[in-house]
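Survey of secondary and tertiary structure
What follows is each chain in one-letter form.
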Amino acid sequence: MERRRRHTDSLSDDDDDRGRKRRRIAPDGVDIQDRLESLITRVGEKSTSSLESNLEGLASVLEADLPNYKHQIMKILCDCVVSFPEKLTVYTTLVGLLNAKNYHCGGEFVEMLVRNLKDALKTGEFDNARIMVRFLSDLVNCHVLVAASLLQMFDNFVEVTLEDNIPQVRSDVYVYLVLSSLPWVGKELFEKKENELNTMLVTIENYLSKRQKVHLAALRVWSGDGPHPQEEYLDCLWAQIKNLRSNKWTEKQILRPYLAFDGVLCDALQHTLPQIIPPSHNKSSVYPLPRVIFRLFDYTDVPQGTILPGSHAIERYLIEEQINRIIDSNYIERKECAAALLGYPAKNKIPLNYMIVEVMFGQMFQLPRAPYIDLFYGSTFIELCKIQPTSMPEVLAQASEMLWDRLDVMHAICIEKFVLWFSYHLSNFQYKWSWDDWAECVTMDPNAPKSKFVREVLLKCLRFSYHQRVVESVPESYAPLLPPEPKPIYRYDQEGAGSLPGTMHAHKLISAIKNKCTPEEAAMLLKDLPNVYPNGQEN
């Protein structure tokens, strides 16, 4: 499993060899784990057969292997939950089919996943915990878990908000675990446990209305809210959940393959989720930092033919989360990351380029620090432009213009990040830009943000190129903003250099260099130049 192996590369070669030997000598089970892993991890990928037929066939194969390899199958499935979250509903459907065929198998899988969830909560792996909570939520749709037991887990998480003497981020993360799972299971809970669901949502709303937001000003990219409000991530998600609730919990983004097996899954016996109580807070506990949702585009900025979901549409959250997930899975290889981003499954239904640019800028400008180094974003944008040379550069240019327009109210750290990215991007595109559109900065106060931005960009470009190249790249009117031409400083040509050792011969050499003497003349001068010792005496 490629993504899982990234985290297990630290295992020694001896351990790996022993594992392979054990598989080879196992009777009738040569490389069985590799075969099972290949079958399970590849389900949901592009195929000539339909997803439904592939799931049905895989469920039958795994059912036949359960008597001898139950533990291996359960472990691979649990690993896939975290390693391939983009295929979450595919795996919940597979578990639902296995549970319909073998009730005890479904129960053992739930117990193993719950153990993994408890360990993740205890060790502070909240990203993995979020995915596992979401998976358990979707198992309710697949008739593997009883809805009431899932609501009990949600209630236990929400009760964290009532604890005393805890940091607010602890309450935030548990509320987020619940809210981020509702797009998957909200409709099922609404139909079966409406009163209990409403009670829980009221508790969440009360908590959110009382939260302290003193950190918000420090995390905002811009000091003003126009044209897009800068919302704290929980407030934004809550608004999206309320919008989803008003639409009767119906969304248009999540793939739900289990609907094709409704007749089979409805007849399956369901399990009660074991009690999951959040671990107690202690001084060593570390929780995710709050963040502000970055917004750059709205529906008026994108071309006709595709529709950008509204800021408070749950589809906006779901798509952005998937784009973030693709970046998190591929950030080491920029080419793979760019290809994966542009290969987004529903790319024909949304303005994908705009959403990719917005998410990547949102990460780059994230305060107090970006998730990845600045070079990752610059190099990935270049790869995106290479793959889509007719559309991506245009979107990036539009985004740059919008950032320029709001530069006066931009956070100083974000301006610096913008400078670093923009200068790097120009250096890869022959320093071509519509500089005439920004000519206003020349007559501005030298300390104005736009004037300083252009001055810093040109200075950074000088480091990527040379002075004459930078001068030729901008209009003559930009001369006041150009960095000074770097020139060599001749030590012996400075005032007071007469007291330095070897002055007379140094002057001859400097004069020869300035007059561009021939190599032969330079060799003669060097031959005549006396030896100078550290104490300043000539020999």
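Residues numbered from 1 in each chain as written. Predicted model: local features only at pLDDT ≥ 70, side-chain atom pairs only at ≥ 80, totals over all residues. Heavy atoms only, no water.

**Here's the deal with the overall build of the chain**
The secondary structure content of the chain amounts to 24 helices and zero strands. Put simply, the chain has 539 residues, and 46% of those count as buried. The contacts of the chain with a sequence gap of at least 6 include a subset with a gap of at least 24, amounting to 74%. Entry remark: accessible area of the chain is about 28,000 Å², with carbon and sulfur atoms responsible for 51%. (Helix = DSSP H or I, 4+ residues; strand = E, 2+ residues; numbered from the N terminus. Buried < 20%, exposed > 50% of the residue type's maximum accessible area, 1.4 Å probe, protein only. Contact = heavy atoms within 4.5 Å. Areas by Shrake-Rupley, 256 points an atom, 1.4 Å probe, with all protein chains shown as cover.)

**A short note on helix 21 (residues 449-464)**
With 16 residues, helix 21 should cover 22 Å at 1.5 Å per step; its first-to-last C-alpha distance of 23 Å lies within 8% of that length. Regarding helix 21, the residues found buried are K450, S451, F453, V454, V457, L458, K460, C461 and L462. In this fold, the buried residues of helix 21 make contact with helix 19 (392-405), helix 20 (412-427) and helix 22 (467-473). (Expected span 1.5 Å × (residues − 1).)

**Examining the packing of aromatic side chains**
Where two aromatic rings form a pair, the distance of their centres and the angle of their planes describe that pair. Tallied over the full model, the rule gives 30 aromatic pairs. Taking 5.0 Å as the distance between ring centres and 80° as the angle between the ring planes, the aromatic pair formed by F297 and Y354 counts as edge-to-face. Of this pair, F297 sits in the loop between helix 14 (262-266) and helix 15 (314-330) while Y354 sits in helix 17 (residues 352-364), and the two are 57 residues apart along the sequence. For F297, a relative accessible area of 2% gives the class buried. Geometrically, the ring pair formed by F422 and W438 is tilted, given 5.5 Å between the ring centres and 35° between the ring planes. With F422 in helix 20 and W438 in the loop between helix 20 and helix 21, this pair connects stretches of sequence that are 16 residues apart. With relative accessibility at 0%, the residue W438 sits in the buried group. (Phe/Tyr/Trp six-rings, centres within 6.5 Å; stacked < 30°, edge-to-face > 60°.)

**Some details on the pattern of salt bridges**
One pass over the structure, following the stated rule, counts 25 salt bridges. Between R170 and E163 there is a salt bridge, with its nearest N and O atoms 2.9 Å apart. The partner of K450 in a salt bridge is E440, with the nearest N and O atoms 3.8 Å apart. With K450 in helix 21 and E440 in the loop between helix 20 and helix 21, the pair connects residues that are 10 residues apart, well separated along the chain. Take E440: its relative accessible area is 37%, and that puts it in the partly exposed class. Overlapping salt bridges, with partners in common, bring together D127, R130, R134, E321 and R325 in one network. (Salt bridge = Lys/Arg side-chain N within 4 Å of Asp/Glu carboxyl O.)

**Here's the deal with the side chain of R316**
By the secondary structure assignment, R316 is in helix 15. From its side chain, R316 meets the backbone oxygen of P309 in a polar contact 2.6 Å long. Discounting chain neighbours no more than four positions away, the residues touching R316 are Q240, R295, F297, L308, P309, G310, S311, M355 and E358. (Polar contact = N/O pair within 3.5 Å; in protein donor to acceptor, adjacent residues only side chain to side chain.)

**Observations concerning the nonpolar core**
Ranked by internal contacts, the top residues of the largest apolar core, which has 90 residues, are L77, F109, M153, F154, L182 and M200. At 13 residues, helix 4 (residues 51-83) tops the list of elements feeding residues into this core. One finds L216, V395, V474 and L481 within the second-largest nonpolar core, a separate group that totals 70 residues. (Core = buried A, V, L, I, M, F, W, Y, C linked by side-chain atoms within 4.5 Å.)

**Details of the environment of P480**
Looking at the element boundaries, P480 is found in the loop between helix 22 and helix 23 (503-514). P480 gets classed as exposed once you look at its relative accessible area, which sits at 58%. For the pair formed by P480 and V442, sequence separation is 38 residues and the distance between their alpha carbons is 7.2 Å.

**What about the environment of P483?**
Relative to the assigned elements, P483 resides in the loop between helix 22 and helix 23. Along the primary structure P483 and V457 are separated by 26 residues, whereas in three dimensions their C-alpha atoms are 9.9 Å apart. Not counting residues up to four positions away in its chain, the partners in contact with P483 are L458, L459, L462 and H467.

**Section: the environment of R316**
Classification of R316 as buried rests on a relative accessible area of 2%. Separated by 63 residues in sequence, R316 and Q253 have C-alpha atoms that sit 9.3 Å apart. Only 3.0 Å separates the side chain of R316 from the side chain of E358, close enough to count as a polar contact.

**So, the packing of helix 8 (residues 147-158) against helix 11 (residues 194-210)**
Angle between the axes and distance between the axes: these two values describe a pair of packed helices. Orientation of helix 8 relative to helix 11, taken along the N-to-C sense of each, is 15°, at an axis distance of 11 Å. Classified by the interaxial angle, the pair formed by helix 8 and helix 11 is roughly parallel. Handedness of the helix 8/helix 11 crossing: left-handed. The residues of helix 11 that touch helix 8, namely those facing L151, F154, D155 and V158, are E196, L197, M200, T203 and I204. (Axes fitted to C-alpha atoms, helices over the stretch in contact; angles between N-to-C directions. Parallel < 35°, antiparallel > 145°, perpendicular 65-115°, else oblique. Left-handed = near helix turned anticlockwise from the far one by under 90°.)

**A few points about helix 16 (residues 334-342)**
All buried positions along helix 16 are accounted for by C337, A338, L341 and L342. End-on view of helix 16: buried residues confined to an arc of 120°, all on one side of the axis. The inward-facing, buried residues of helix 16 abut helix 15, helix 17, helix 18 (374-387) and helix 19. (Arc of directions from axis to C-beta.)

**Points about unusual backbone geometry**
For the bond from L367 to P368, the omega torsion is 10°, close enough to zero to count as cis. By secondary structure assignment, the location of P368 is in the loop between helix 17 and helix 18. A positive phi angle is found at H143, which is not glycine, with a value near 60°. Inspection of the secondary structure puts H143 in the loop between helix 7 (126-141) and helix 8. By relative accessible area, which is 12% here, H143 ends up buried. For W249, which is not a glycine, the phi torsion comes out positive at approximately 60°.

**Considerations on the packing of helix 17 against helix 19**
In contact at an axis separation of 10 Å, helix 17 and helix 19 are set at 50° when each is read in the N-to-C sense. Relative to helix 19, helix 17 is oriented oblique. Crossing of helix 17 against helix 19: the hand is right-handed. In this structure, helix 17 uses N353, Y354, V357 and F361 to contact helix 19, whose residues at the interface are M392, V395, L396, Q398, A399 and L403. A per-class count over the contact of helix 17 with helix 19 returns eight nonpolar, two polar and no charged. (Nonpolar A, V, L, I, M, F, W, Y, C, P; charged D, E, K, R; others polar.)

**Concerning the confidence of the model for the chain**
When pLDDT is averaged along the chain, the result is 88, and 88% of the positions lie at 70 or above. The low-confidence segment residues 2-30 (pLDDT under 50) makes 21 contacts with residues lying over four places distant or belonging to another chain. Note that residues 532-539 has pLDDT below 50 and, in this model, 11 contacts with residues that lie over four places away or in other chains. (pLDDT = per-residue confidence, 0-100.)

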